[in-house]
Amino acid sequence: MTDARPTRLSRKVALQQIAMLWERVWAALNGPILSAGLAVAVVASGLLASLPVIPRLVLAGLLGAGFLFSLRGLFRLVWPRRLEAMRRMERASAVGHRPLSAASDTLAPEILDPLSDAVWEEHQRRQLLALDKIRLSPPRSTWAKFDPMALRVPVLLLAAVALILGPGSLTSNIRDAAQVAPAAAPVPLTLDAWLKPPGYTGKPPLLLSAPSMQERLASADGLAVPDQSLFTLRVSGAKEPKLQLLDSTGKPLADATPRISAPAAGVLAAEYKLTRPVTIVVRDGDKELAQYPLAVIPDAPPTIALTKPPEPDLGGTLVTEWLAKDDYGVASVAGTIELADEQDGGIGFESNGVFLFDPPQLKFTLRRPNAREEQGKTTHDLASHPWAGLRVNLTLTAKDGAGQEGQSPVVSFKLPERQFVKPMAQAIIEQRKQLIMYPEKVQEIGEALDTLMLYPDGLIERSGDVLAVSMLASRLRNASGYDDVKYVVQGLWDVAVAIDEGSLQDAKSELQALKKELEKALQDGAPKERITELMNKMRDAMDRYMEAMRKEAERRMRDGTLQRPPPGQQGRSMTQQDLQKMLDALENMAKNGSREMAEQLLNQLDRMLQNMQPGMSDQAQGDDGMNEMMDQLNDMMKKQQGLMDDTMRQPGEGQEGDQGQMGQQGEQGEEGNRGRQPGNGMGGLADRQQSLQQMLDGLMGKGLGQLPGELGDAGRSMKNAEDALRNNDRDGALREQGEALDKLRKGAGKLAQQMRENGQGQAESDARDGEGRGGRDDPLGRPRATRNPDDGPDQDILPNEQAMKRAREILETLRAKSNEQGLTDSERGYIERLLRGLY
């Protein structure tokens, strides 16, 4: 019986077991599917990534924990037993007596008998017939039991919508949701290139990547830039950024090595200093990003030359006038002095002592930094240098911002030396020269100095100078090397200057110290209070210096050592009032911000003080009488010309009826209608002519020495003109007035010539035909075409207040204009050049 059971029964039971297993798996997946759908909806919609970090982490943790908790059913799964599968099939087939489970039943051996066997076989036959009705039971879903409210529908629907319509992809949303730090923004492709010309050129940087510059590069063959300009490039966001340097033929430059760095992937930074024409190409792989054809403007070296041969001024100071030029600006000027091979006594020197001393140092100060053209006049006090009085070679060197140098032609001249007045000072300087030229004769020179000090009475005022010379002589006799010789050379100079200047030395030293302090204050931009304090000190020191100068002049006059400059070399006479005017103007400039003009005026004042010699101020005061006479003559010529014009307006013969009216018009000159005689139309003019004659007579009677004879002739012509006017002889009066005016001019011209020949006053160097001192106007009140360069501090040296105010207004206007928007490049460049003082 058992052998007859069909094999298909076993197959059905196995299939039923599989179906039951899937049913159990599906039931275990209900929770994970619902949790996963909810998580996908939250992530794919971008909701989780949009939350702040902490709420995002909390929500992600809850979703993860819920999903893990829902997986617990999967861990409880077991394989369905065979009996369970058969019972499931029997219930599904609605058969009784469990035919599947009974199909494997057997009869117990102890009850085996024929009747029992017949009954058992019939039972088995019937059970086998029932097996034909057995069918498989399909898996059944447990969603209704697990989710009776059908929440799975909206959850899965939201997940589907989020996957289809959500931002980005599911992986990018998961990545954004899992990122704690802010996400790095995508780097766009950017290219920045600019050129920076050298600072000394004064040109602004150029942004090559600007649209306007790109148009300019596209329309032109190339961009010309100054030599040594720095090209800078930065590329970011590129895949394979590269830089190429090409020559004019398009071939790569083999010897050009730009400085390249790649701080990060896709980033390129490069620098290259332009020294020749080049085309710079920027690429990203094989794609060209930009191309910059650049040409180089050569930087020419500066040039410098002396505009006049070096010459000494009255004080022995070296004056050099020079002109330096450069295409971008002169940075500095220096001078080098070397001993010339050919001296006054022949070629070379008898001894090498002069070569023990270093060449003098020449310092030049530029009025304007980096000026393209600088014309200067520099003074150097080299009288104390051991080479003073010897022939030297001077070479000026100009340097530009790039370090290039240009030299002037070598000029040979004699280095100026100071002319000492007092005999003792002259004798000491003579021994100093011997020591410089022949340092091996220290013993002889020391004995000579001791000899000079044997009888110092009347030759040296202060005992300290005697002790100083004795000390120097002792050190010279005991000299152990050339350092002692150099020390004695400097000491002898100091003693000689102290003896020659006498009481002037202390006052001059104080003035020089204050001048240096004021210079430093101006350069450092000191406040107004500090400037005022220094100016007050300088005024007091100036008063003491002028007083010492006066006393020294009196002493030299008594001793007969007061020297006058020869004719034709007179300096400008300065009075104490002139110096005070310069100090007042200097203080105003410093307070008003004109520091550069103040420094120039201070240097000019220093040169004037260096050139001032004892007796010059007294000479100026003694010349006041002659200068006053010149002023009165000029005023007299103006009045005579005016009187002549009024006489011309008077009626001539046959015009008596109009005499009164015309006479009244003629009396409206400078003297008004004073003293007009009744009934006589020219009476007022006659009175005026008489007044001028009396003025001339009074001027000639002051006893100022021998005066030109033309002035006396002018007085007689004035008398004749007065008589003609009283006789109503207009033509005769005009003739005599013209003669008087001509004589006045000639007399004033001869007086001015006489003053120049005697070294007096400040007569006009161009006085011709009666042009005397006369200030700024000619005898007719008109401005002169030429003026004396030594007119005085209140005329040419200092600008007046109105000129300074106008200059400040112009400067402020230019500064305001330079800040306006909408100016073209040419307009802005022109204003900047004006502000830099190039024009």
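Residues numbered from 1 in each chain as written. Predicted model: local features only at pLDDT ≥ 70, side-chain atom pairs only at ≥ 80, totals over all residues. Heavy atoms only, no water.

### A word on the overall build of the protein chain
Short version of the rule: Helical segments are the DSSP runs of H or I of at least four residues, strand segments are the runs of E of at least two, and each set is numbered from the N terminus. Using a 1.4 Å probe on the protein chains alone, a residue whose accessible area is under 20% of its type maximum counts as buried, one over 50% counts as exposed, and one in between counts as partly exposed. We call two residues in contact when some of their heavy atoms are within 4.5 Å. The method behind every accessible area is Shrake-Rupley, applied with a 1.4 Å probe, and residues are considered shielded solely by the protein chains displayed.
The number of helices and strands found in the protein chain is 27 helices and 18 strands. For the protein chain, buried positions account for 41% of its 839 residues. Sequence-distant contacts, at least 24 apart, represent 70% of the contacts inside the protein chain between residues at least 6 apart. When the accessible surface of the protein chain is summed, it comes to about 45900 Å², and 53% of that surface belongs to carbon and sulfur atoms.

### Quick look at the sheet that holds strand β4 (residues 230-236)
Put simply, the test is: For two strands to pair, DSSP has to find at least two bridges joining them.
Strand order in this open sheet of five strands is β2-β1-β4-β7-β6, and the pairing throughout is antiparallel. If you trace the sheet from one side to the other, it starts and ends with β2 (206-207) and β6 (259-261), each paired once. Relative to β2, strand β1 (residues 190-196) runs antiparallel, the two being bridged by two bridges. In the strand pairing of β2, W194 is matched with L207.

### Looking at the environment of E547
Within the secondary structure layout, E547 lies in helix α16 (residues 528-559). Looking at E547, the relative accessible area reads 32%, which means it is partly exposed. Between the alpha carbons of E547 and A507 there is a distance of 9.3 Å; along the sequence they are 40 residues apart.

### Regarding the packing of helix α11 (residues 423-437) against helix α12 (residues 442-452)
Condition: Angles shown run from 0 to 180 degrees and are taken between the N-to-C directions of axes, each axis being a line fitted to C-alpha atoms and, for helices, limited to the stretch in contact. When describing relative orientation, an angle under 35 degrees is termed roughly parallel and one over 145 degrees roughly antiparallel, while 65 to 115 degrees is termed roughly perpendicular and anything else oblique.
It is the contact of α11 with α12, at a shortest axis distance of 10 Å, that shows an interaxial angle of 175°. It follows that α11 is roughly antiparallel to α12 by the angle criterion. Counted together, M424, A427, I428, Q431, Q434 and L435 of α11 and V442, I445, A448, L449 and L452 of α12 form the full contact between these two elements.

### Let's talk about the pairing of β4
With five of its seven residues buried, β4 lies for the most part within the structure. The sheet contact formed by β1 and β4 spans seven bridges and is antiparallel. Bridge pairing links L191 to V235 in β4. In this sheet, strand β7 (residues 268-273) lies alongside β4 in antiparallel orientation, the contact comprising six bridges. By the bridge assignment, L233 is partnered in β7 with A270.

### Describing the pairing of β7
Sheet topology places β6 next to β7; three bridges connect them, and they run antiparallel. Within β7, the position partnered with I260 by the bridge is A270.

### Re helix α9 (residues 170-178)
Rule in force here: Arc definition: it is the arc formed by the directions from the helix axis to the C-beta atoms.
Within the span of α9, buried status applies to S172, N173 and A177. Along the axis of α9, the buried positions cluster into a sector of 135°, meaning they face one direction only. Away from its buried face, by an angle of more than 90 degrees, α9 presents the exposed residues T171, R175 and A178.

### Some points on the sheet that holds strand β8 (residues 278-284)
The strand order across the open sheet formed by four strands is β3-β9-β8-β5, and the pairing between neighbours is mixed. Looking along the sheet, the strands with just one partner apiece sit at the ends: β3 (223-226) and β5 (241-246). Taken over all neighbouring pairs, the strand axes of this sheet differ in orientation by 30° on average, direction set aside. Across seven bridges, β8 lies against strand β9 (residues 287-297) in antiparallel orientation. Bridging from a neighbouring strand, I280 pairs with Y292 of β9.

### Some thoughts on a nonpolar patch on the surface
Heads up, the rule is: Put simply, a patch holds well-exposed residues, over 30% relative accessible area, that have no salt bridge, with like charges counted together within 9 Å and Val, Leu, Ile, Met, Phe, Trp or Tyr side chains within 5 Å. Here, a salt bridge means any Lys or Arg side-chain nitrogen found within 4 Å of an Asp or Glu carboxyl oxygen.
A surface patch of nonpolar side chains, about 700 Å² in accessible area, is lined by L157, V161, L163, I164, L165, L170 and I174. At five residues, the largest contribution of residues to the nonpolar patch is made by helix α8 (residues 152-165). Within the secondary structure layout, L165 lies in helix α8. Looking at L165, the relative accessible area reads 68%, which means it is exposed.

### Focus on the pattern of salt bridges
In total, this model carries 23 salt bridges according to the counting rule given. Where D635 meets K639, a salt bridge forms, and the shortest distance between an N and an O atom there is 3.5 Å. In this pair, D635 and K639 both sit in helix α20 (residues 624-648), four residues apart, roughly one turn of the helix. Of the charged contacts, one joins E710 and K750 as a salt bridge, the two residues approaching to 2.6 Å between their closest N and O atoms. Of this pair, E710 sits in helix α23 (residues 709-726) while K750 sits in helix α24 (residues 730-757), and the two are 40 residues apart along the sequence. By relative accessible area, which is 15% here, E710 ends up buried. A relative accessible area of 45% places K750 in the partly exposed class. Three or more residues are tied together by salt bridges with common partners; here these are K308, E311, E321 and K377.

### A few points about the confidence of the model for the protein chain
Applicable threshold: Summary of the metric used: pLDDT quantifies the predictor's per-residue confidence within the range 0 to 100.
Predicted confidence across the protein chain gives a mean pLDDT of 76, with 75% of residues reaching 70 or more. Predicted confidence for residues 654-680 stays below pLDDT 50, and this span has 43 contacts to residues more than four positions away or in other chains.

### Observations regarding the side chain of E374
Following the sequence through the fold, E374 ends up in strand β15 (residues 371-380). When near neighbours in sequence (up to four residues on either side) are disregarded, E374 contacts W322, L323, A324, L366, R367 and R368.

### Details of the environment of E374
Using a relative accessible area of 1% as the deciding quantity, one classes E374 as buried. In the structure, E374 is positioned 41 residues away from V333 in sequence and 9.9 Å away in space, judged by C-alpha atoms.

### Remarks on the side chain of S229
Quick note on the threshold: As used in this structure description, the phrase polar contact means that two N or O atoms lie within 3.5 Å; if the pair is within protein, one of them must be able to donate a hydrogen and the other to accept it, and residues adjacent in sequence are counted only when both atoms belong to side chains.
Among the structural elements, S229 can be located in the loop between β3 and β4. Looking at S229, its side chain comes within polar contact range of the main-chain oxygen of P226, at 2.6 Å.

### What to know about the nonpolar core
Heads up, the condition is: To define a nonpolar core, start from buried Ala, Val, Leu, Ile, Met, Phe, Trp, Tyr and Cys residues and group those joined through side-chain atoms within 4.5 Å.
W322, V333, I337, W387, L415, I428 and L435 are the most contacted members of the largest nonpolar core, which has 51 residues in total. Secondary-structure elements contributing two or more residues to this core are β10 (303-312), β11 (318-339), β16 (391-400), α11, α12, α13 (463-477) and α14 (482-501). For this core, the element with the most residues is α14, which contributes nine residues. Residue contacts for L415: discarding those within four places in its chain leaves L318, I337, L382, W387, A388, G389, L390 and V392. Counting residues in hydrophobic clusters, the runner-up holds 28 residues, among them A521, M535, Y545 and L602.

### Section: the packing of aromatic side chains
Where we set the bar: When two rings of Phe, Tyr or Trp (its six-membered ring) have centres within 6.5 Å they constitute a pair, described as stacked for plane angles under 30 degrees, edge-to-face for angles over 60, and tilted for the intermediate range. Think of it as a cone above the ring: NZ of Lys or CZ of Arg counts as a charge over the ring if it is within 6 Å of the ring centre and within 35 degrees of the ring normal.
With the rule as written, the count across this model stands at seven aromatic pairs. On the numbers, 6.2 Å between centres and 70° between planes, the contact of Y200 with Y328 is edge-to-face. Pair noted here: Y200 is in the loop between β1 and β2 and Y328 is in strand β11, with a separation of 128 residues, a long-range link. Pair check on accessibility: Y200 and Y328 agree, each one buried. Considering the side-chain rings of W322 and F364, the 5.9 Å spacing of their centres and the 85° angle between planes classify their relative orientation as edge-to-face. One end of the pair, W322, is in strand β11; the other, F364, is in the loop between β14 (362-363) and β15, with 42 residues separating them in the sequence. Here W322 and F364 have matching classes, each one buried. Lying over the aromatic face of Y438, K441 brings its terminal NZ or CZ to 4.4 Å of the ring centre. The residue whose ring lies beneath R475 is Y487, and the NZ or CZ to ring-centre distance is 3.9 Å.

### Some thoughts on unusual backbone geometry
A positive phi angle, near 70°, is found at Q228, a position not held by glycine. The residue Q228 is located in the loop between β3 and β4 in this model. The residue N728 is not glycine, and still its phi comes out positive at about 60°. Relative to the helices and strands, N728 is located in the loop between α23 and α24.

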